[in-house]
Amino acid sequence: MKNTSGKLILTIGLGMLVYTGYQAMTYRESLRLTQQEFVGLPVSLLSLLAVAVAVSLVGGLQSSGELKPILLADAPQPTVLRPQQIDFVTFDGRGSILSAVKTRSRKNGPAMSEQTSSATTMT
């Protein structure tokens with residue numbers, strides 16, 4: 001019985017949400033027809049929205065059934081101990097190759113520019 005009444009309350013709350021959305025659309029349309037600027041929704045629509053959300057939440061909680069507490073003491077202990085677990089894993093990928101190429105280019109870079117500058121001064 002509790003589950004059925006919760007579903008009914010949830011349906012009523014969702015219907016109220018749809019109705020509030022429809023009313024907001026008609027309010028915006030009436031402002032557009034009268035060429036007024038939209039500043040915000042009226043307080044009556046905002047209060048209806050708050051009531052619809054509250055009714056939907058209550059209906060959702062009642063229709064969900066029995067809520068059970070989470071007990072950590074009843075949970076099975078993990079087979080892997082905490083100090084043995086790795087929190088951060090590093091991978092040796094293409095970064096080491098790119099750093100080797102970068103250091104080689106740094107070593108060859110100034111020598112190449114000196115050769116180019118000496119070649120331009122000879123001609």
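Residue positions are given per chain, counting from 1 as you read along its sequence in written order. Only residues with pLDDT of 70 or above have their local features reported here, since the model is predicted, and side-chain atom pairs are shown and tallied only from 80 upward, although totals for entire chains, interfaces and linings are computed over all residues. Hydrogens are left out, water is left out, and the side-chain values use all remaining heavy atoms of the structure.

(A) Quick peek at the side chain of threonine 20. Strands here are runs of E lasting at least two residues and helices are runs of H or I lasting at least four, both read from the DSSP assignment and numbered beginning at the N terminus. In this fold, threonine 20 is placed in helix 1 (residues 2–33). The contact rule is simple, with two residues in contact once any of their heavy atoms fall within 4.5 Å. Discounting chain neighbours no more than four positions away, the residues touching threonine 20 are Leu45, Leu48 and Leu49.

(B) Representation of the pattern of salt bridges. By salt bridge we mean one thing: a side-chain nitrogen of Lys or Arg within 4 Å of a carboxyl oxygen of Asp or Glu. Tallied over the entire structure, the rule returns 1 salt bridge. The closest approach of N and O atoms between arginine 32 and glutamate 29, which form a salt bridge, is 3.3 Å. One end of the pair is arginine 32 and the other is glutamate 29, both in helix 1 and 3 residues apart, which spans about a single turn. With a 1.4 Å probe rolled over the protein chains alone, any residue whose accessible area is under 20% of its type maximum counts as buried; one over 50% counts as exposed, and the rest are partly exposed. The class for glutamate 29 is partly exposed, based on a relative accessible area of 35%.

(C) Spatial organisation of the side chain of serine 56. Take serine 56: it is sitting in helix 2 (residues 43–63). Once you skip the residues sitting within four places of it in the chain, serine 56 turns out to touch Leu10, Gly13, Leu14 and Leu17.

(D) Examining the packing of aromatic side chains more closely. Centres within 6.5 Å make a pair out of two Phe, Tyr or Trp rings, where for Trp the six-membered ring is used; the pair is then stacked when the planes are under 30 degrees apart, edge-to-face when over 60, and tilted otherwise. By the definition in use, this model includes 1 aromatic pair. A centroid spacing of 6.4 Å and a plane angle of 65 degrees characterise the contact between tyrosine 27 and phenylalanine 38, whose relative ring orientation is edge-to-face. Taken together, the residues tyrosine 27 in helix 1 and phenylalanine 38 in the loop between helix 1 and helix 2 connect sequence positions 11 residues apart. On the basis of relative accessible area, phenylalanine 38 is assigned to the partly exposed category, the value being 33%. Any Lys NZ or Arg CZ found within 6 Å of a ring centre and within 35 degrees of that ring's normal is scored as a charge over the ring. A cation over a ring is seen here: arginine 28 above phenylalanine 38, with NZ or CZ 4.1 Å from the ring centre.

(E) Up close: the environment of glycine 60. Mapped onto the elements of the fold, glycine 60 is located in helix 2. With a relative accessible area of 27%, glycine 60 lands in the partly exposed category. Taking C-alpha positions, glycine 60 is 9.3 Å from glycine 13, a pair spaced 47 residues apart along the chain.

(F) A look at unusual backbone geometry. The phi angle at glutamine 35 is positive, at roughly 60 degrees, despite the residue not being glycine. Secondary-structure assignment places glutamine 35 in the loop between helix 1 and helix 2.

(G) Expanded view of the confidence of the model for the chain. Mean pLDDT for the chain: 77, with 58% of residues reaching 70 or above. Along the chain, pLDDT gives the predictor's confidence residue by residue, from 0 to 100. Of all secondary-structure elements in the chain, the lowest mean pLDDT belongs to helix 3 (residues 94–122), at 59, while helix 2 reaches the highest, 93.

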